[in-house]
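# Architecture at a glance
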Amino acid sequence: VQSALADRLVKSRRFAVLDRAHLDLLSGEILRSQKDPNYRFPLEIAEQLPATAFVVGKVDDAQYALLKETRKKDLCVDKKALLSGKAGRSCERRTRRGRANCSALVQVLETTTWRMLVAMNLRKTKEKKKETTDGSEPGEIDGDALIAACRDEMALEFVNHVAPHE
């Protein structure tokens, strides 16, 4: 999700993505601010940051499951038979279905106070079906690609929410 989100934020041309060198400076301050609601982020550190807000998040779930593989007798019609008006042929229809589920909590924090500006629970599901009617097994479904598509859609939804008119 991190790379998809960073790509989307940069492409919007309204955000800059900081390198990891800034994280050492910030990690202790973020922890202190989360433990103590009255804590104020040191102004001298905030002034060093080339940002007014940070996006932080946690992926709650990213999984792929093969839902079902079915075989059933069916009446299959190919294009030639359909155009000529002929009846279909008996065949075995084999179907493979897969589903990816992803969810993440993403927050935008203002850098001087660490006040939460936006919090979103993002959830996406992608499904794919492969089917054959010639008796062969359907091809494998790429679960990693489905998870990547979920993550990209979550990043797009988040960017559209925080920068809606880009």
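Residues numbered from 1 in each chain as written. Predicted model: local features only at pLDDT ≥ 70, side-chain atom pairs only at ≥ 80, totals over all residues. Heavy atoms only, no water.

### Quick word on the overall build of the chain
Assigned secondary structure in the chain consists of five helices and three strands. Counted from the first residue to the last, the chain has its helices and strands arranged as α-α-α-β-α-β-β-α. Classification of the 166 residues of the chain by burial places 31% in the buried group. Long-range contacts, defined as pairs at least 24 residues apart, comprise 71% of the intrachain contacts of the chain with a sequence gap of at least 6. Summed over its atoms, the accessible surface of the chain is roughly 11100 Å², and 49% of this surface lies on carbon and sulfur atoms. (Helix = DSSP H or I, 4+ residues; strand = E, 2+ residues; numbered from the N terminus. Buried < 20%, exposed > 50% of the residue type's maximum accessible area, 1.4 Å probe, protein only. Contact = heavy atoms within 4.5 Å. Areas by Shrake-Rupley, 256 points an atom, 1.4 Å probe, with all protein chains shown as cover.)

### Section: the pattern of salt bridges
Two side chains carrying opposite charge are able to pair once their charged atoms lie near each other. Overall, the coordinates contain eight salt bridges when judged by the stated rule. Between Arg 96 and Glu 137 there is a salt bridge whose closest N-O contact spans 3.7 Å. Of this pair, Arg 96 sits in strand β2 (residues 89–110) while Glu 137 sits in the loop between β3 (116–132) and α5 (143–162); the two residues are 41 residues apart in sequence, bridging distant segments of the chain. With relative accessibility at 42%, the residue Glu 137 sits in the partly exposed group. Put simply, Glu 92, Arg 94, Arg 96, Glu 137 and Glu 140 are held in one network by salt bridges that share partners. (Salt bridge = Lys/Arg side-chain N within 4 Å of Asp/Glu carboxyl O.)

### Side note on the confidence of the model for the chain
Confidence along the chain averages 75 in pLDDT terms, with 61% of residues attaining 70 or more. Of all helices and strands in the chain, the one with the weakest mean pLDDT is helix α3 (residues 43–48) (57), whereas β3 scores best (90). (pLDDT = per-residue confidence, 0-100.)

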